[in-house]
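The residues making up each chain are set out below.
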Amino acid sequence: STLNEQLYNECDKEDEKEHSISFVKSLVEKGADVNWKNDNYFNLTAFMRACANNHIETVKYLLSVSNINVNSISSLRWSAFYLACKYGRSYVVK
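Draft legend 1. Structural detail: helix H4 (residues 56-64). Among the residues of H4, those classed as buried are Thr 58, Val 59, Tyr 61 and Leu 62. Buried positions in H4, seen along its axis, are confined to an arc of 165° and lie on one side of it. Looking at the buried positions of H4, the neighbouring elements they touch are helix H1 (3-12), helix H2 (21-29), helix H3 (46-52) and helix H6 (90-93).

Draft legend 2. Highlighting the packing of H2 against H4. Contact pair H2 / H4: the axes reach a minimum separation of 10 Å and the direction vectors enclose 20°. Viewed along their axes, H2 and H4 adopt a mutual orientation that is roughly parallel. For the crossing formed where H2 meets H4, the hand is right-handed. Contacts between H2 and H4 involve Ile 21, Val 24, Lys 25 and Val 28 from the former and Glu 57, Thr 58, Tyr 61 and Leu 62 from the latter. The class makeup of the residues in the contact of H2 with H4 is five nonpolar, one polar and two charged.

Draft legend 3. The arrangement of a negative patch on the surface in detail. A cluster of acidic residues, Glu 14, Asp 15, Glu 16 and Glu 18, forms a negative patch on the protein surface. Mapped onto the fold, Glu 16 is located in the loop between H1 and H2. Overall, Glu 16 belongs to the partly exposed group, its relative accessible area being 44%.

Draft legend 4. Molecular detail of the pattern of salt bridges. Following the criterion strictly, the structure yields three salt bridges and no others. Between Asp 12 and Arg 49 there is a salt bridge whose closest N-O contact spans 2.6 Å. Here Arg 49 lies in helix H3 and Asp 12 lies in helix H1, a separation of 37 residues in the sequence. The exposure class assigned to Asp 12 is partly exposed, which follows from its relative accessible area of 28%. A relative accessible area of 7% means that Arg 49 is categorised as buried.

Draft legend 5. Seen up close, the environment of Ala 50. Among the structural elements, Ala 50 can be located in helix H3. Residue class for Ala 50 comes out buried when judged on its relative accessible area of 0%. Distance from Ala 50 to Glu 10, taken between C-alpha atoms, is 8.6 Å for residues 40 residues apart in sequence. In this view, Ala 50 contacts Cys 11, His 55, Thr 58, Val 59 and Leu 62; residues no more than four positions away in its chain are not counted.

Parameters at a glance
Residues numbered from 1 in each chain as written. Predicted model: local features only at pLDDT ≥ 70, side-chain atom pairs only at ≥ 80, totals over all residues. Heavy atoms only, no water. Buried < 20%, exposed > 50% of the residue type's maximum accessible area, 1.4 Å probe, protein only. Helix = DSSP H or I, 4+ residues; strand = E, 2+ residues; numbered from the N terminus. Arc of directions from axis to C-beta. Contact = heavy atoms within 4.5 Å. Axes fitted to C-alpha atoms, helices over the stretch in contact; angles between N-to-C directions. Parallel < 35°, antiparallel > 145°, perpendicular 65-115°, else oblique. Left-handed = near helix turned anticlockwise from the far one by under 90°. Nonpolar A, V, L, I, M, F, W, Y, C, P; charged D, E, K, R; others polar. Patch = residues over 30% accessible without salt bridge, like charges linked within 9 Å, V, L, I, M, F, W, Y side chains within 5 Å. Areas by Shrake-Rupley, 256 points an atom, 1.4 Å probe, with all protein chains shown as cover. Salt bridge = Lys/Arg side-chain N within 4 Å of Asp/Glu carboxyl O. Lys, Arg positive; Asp, Glu negative; His and termini not counted. Charge placed at Lys NZ, Arg CZ, Asp CG, Glu CD.

Okay, here's the thing in structure tokens:
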């Protein structure tokens, strides 16, 4: 799989014990595109999945990446912050 897919898959992990912020950072440092959209899953981004899955440290890290598009919209017209609220993670938005 590509760096982009690996980044998406890491942020898609629901179990915090399975999720690795250090792996996310290494993928971004190696060139993974933080704005890549998974066209197999409604054009969601890794940032959207991190918000939905309550990966607070990953969300903070991805927000620090200079070219992150926090306003990206999925093919279902969902934003990262909409997903956070949809899954009861409204504190991610704060």
